[in-house]
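# Summary of structural features
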Amino acid sequence: MSAIDRPSGQQQPTPYDSAFLKACRREPVPHTPVWFMRQAGRSLPEYLKVREGIGMLDSCMRPELVKEITLQPVRRHGVDAAIYFSDIVVPLKAIGVDLDIKPGVGPVVAEPFRTRADLARLRDLTPDDVWYVTEAMGLLTAELGTTPLIGFAGAPFTLASYLVEGGPSRNHEHTKALMHADPELWADLLDRLAEITATFLTVQIEAGASAVQLFDSWAGALAPADYRRSVMPASAKVFETVAGYGVPRIHFGVGTGELLGLMGEAGADVVGVDWRVPMDEAARRVGPGKALQGNLDPAVLFAGPRAVEAAADEVLRAAAGLEGHVFNLGHGVLPTTDPDALTRLVAHVHERTAR
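What counts and what doesn't
- Residues numbered from 1 in each chain as written.
- Predicted model: local features only at pLDDT ≥ 70, side-chain atom pairs only at ≥ 80, totals over all residues.
- Heavy atoms only, no water.
- UniProt positions renumbered as here; feature names shortened; annotations may be inferred.
- Helix = DSSP H or I, 4+ residues; strand = E, 2+ residues; numbered from the N terminus.
- Contact = heavy atoms within 4.5 Å.
- Areas by Shrake-Rupley, 256 points an atom, 1.4 Å probe, with all protein chains shown as cover.
- Lys, Arg positive; Asp, Glu negative; His and termini not counted.
- Charge placed at Lys NZ, Arg CZ, Asp CG, Glu CD.
- Buried < 20%, exposed > 50% of the residue type's maximum accessible area, 1.4 Å probe, protein only.
- Arc of directions from axis to C-beta.
- Core = buried A, V, L, I, M, F, W, Y, C linked by side-chain atoms within 4.5 Å.
- Polar contact = N/O pair within 3.5 Å; in protein donor to acceptor, adjacent residues only side chain to side chain.
- Pairing = 2+ DSSP bridges.
- Salt bridge = Lys/Arg side-chain N within 4 Å of Asp/Glu carboxyl O.

The protein appears in an unreviewed UniProt entry as Uroporphyrinogen decarboxylase from Streptomyces yaizuensis. The UniProt entry for the protein carries the following text under Subunit (unreviewed entry): "Homodimer." Reading the Pathway (unreviewed entry) entry of the UniProt record for the protein gives the comment "Porphyrin-containing compound metabolism; protoporphyrin-IX biosynthesis; coproporphyrinogen-III from 5-aminolevulinate: step 4/4."

Helix and strand counts for the protein come out as 15 helices and 9 strands. Along the first, second and third principal axes, the C-alpha atoms of the protein reach 55 × 45 × 40 Å. Considering only contacts within the protein whose residues lie at least 6 apart along the sequence, 71% involve residues at least 24 apart. Accessible area for the protein stands at about 14400 Å²; split by element, carbon and sulfur atoms hold 51% of it. Measuring between centres, the 34 positive side-chain charges of the protein sit 3 Å from its 44 negative side-chain charges.

Attention now goes to helix α8 (residues 173–181). Among the residues of α8, those classed as buried are T175, L178 and M179. Taken around the axis of α8, the buried residues stretch over an arc of 100°, which confines them to a single face.

Further remarks concern the nonpolar core. Core analysis: the biggest nonpolar cluster contains 125 residues, and F20, L122, Y227 and L345 have the highest contact counts within it. Here this core gets 11 residues from one element, more than from any other, and that element is helix α9 (residues 183–206).

Quick look at the UniProt feature "site: Transition state stabilizer" (unreviewed entry) in the protein now. According to UniProt, the feature "site: Transition state stabilizer" (unreviewed entry) maps to D87 in the numbering used here. Locating D87 in the fold gives a position in the loop between β1 (82–83) and α5 (90–94). When residues no more than four places from it in sequence are discounted, the contact partners of D87 are M56, C60, I101, P107 and F152. Of the polar contacts made by the side chain of D87, one reaches the backbone nitrogen of V89; its length is 3.0 Å.

Turning our attention to the pairing of strand β3 (residues 106–109). Where strand β2 (residues 99–102) lies against β3, 4 bridges are found, and the strand directions are antiparallel. Directly across from D100, in β3, lies its bridge partner V108. Counted along the chain from β2 to the antiparallel partner β3, the turn is 3 residues long, and its residue G104 has a positive phi close to 80°.

Right, let's get into the side chain of S161. With respect to the element layout, S161 can be found in helix α7 (residues 156–165). Excluding residues that lie within four positions of it along the chain, S161 makes contacts with G166, G167, H172, T175 and W218.

This part is about the environment of G294. Relative to the helices and strands, G294 is located in strand β8 (residues 291–296). Using a relative accessible area of 0% as the deciding quantity, one classes G294 as buried. Spatially, the C-alpha atom of G294 lies 14 Å from that of E323, the residues being 29 residues apart in sequence. Other than its neighbours up to four places away in sequence, G294 contacts V273, M279, V315, H325, V326, F327, N328 and L329.

Tallied over the full model, the rule gives 21 salt bridges. For E195, the salt bridge identified is with K237, shortest N-O distance 3.2 Å. Here K237 lies in helix α11 (residues 232–242) and E195 lies in helix α9, a separation of 42 residues in the sequence. Each of E258, E281, R284 and R285 takes part in salt bridges that share partners, so that together they form one network.

Shown next, in the form of structure tokens:
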């Protein structure tokens, strides 16, 4: 039985009837569900303690450690879903791309991808390449019970940007230059990355993920026409590949207010919204038939309890008419966030929206 099958008879309860999955399916919920991007780690002292002396990528390959880090915010904050602890470059590392995650910088690729010959460096991903993901997810689903586990991956455009730029970029000039100068090579690169990404999500779903999120972190750098022509087909391929599993598919990017409709059109069931667009306006841009996720500004968490509650209430008011709403931040938890602010926020949203 998959992680989202509806329980029947005397079977043990599953995550199927959780508030999170109901909201993703646009069904009535007992309260608005809450989880946070980057809740697994970053701001928690217990996370810093267990990660001490262990590199990021090494951490992602230790199933027991992954289980512990993923569970920490569920225990502490009472969130409605767990997000698997990993990184978007894990599948690239698993197929032999020479990269590392440098503290304070992010993923850095030793030899950037610039030519057709570089495509040969992207072989197919197999489940055996990421055996630790299957093992860790098995450990997690055994402990999480009815709490859903969200799997995730980086979208083809964002992975391509890291590969072509060689690391994080403010302007993505090499990436955009390749996209416009050699559309055929660009399309082949994104298609290859779509296959790798789809396999990575498939592994997670088959190991027990109740939902998956595709992070297109850098898509906000694109004009809508470029996104539709040069990026959307690859993201759509990822979503289509995993559609048969029936798990909710979430699509999120930063600075993507002008792309929200297209991101939903790519095949997502839930569209993530950053803090720049109010939820009611986001719903207008996305159109009917999709749930939305978001969208408190992560920086507001530094403003004190009363200000946080007021800002959260504003998000909830804007989301009041949505078909389905998952409360989240408009981006990931900032590293210096007070964990107690997150715990209070979860309780506040649950209390305000109890039906």
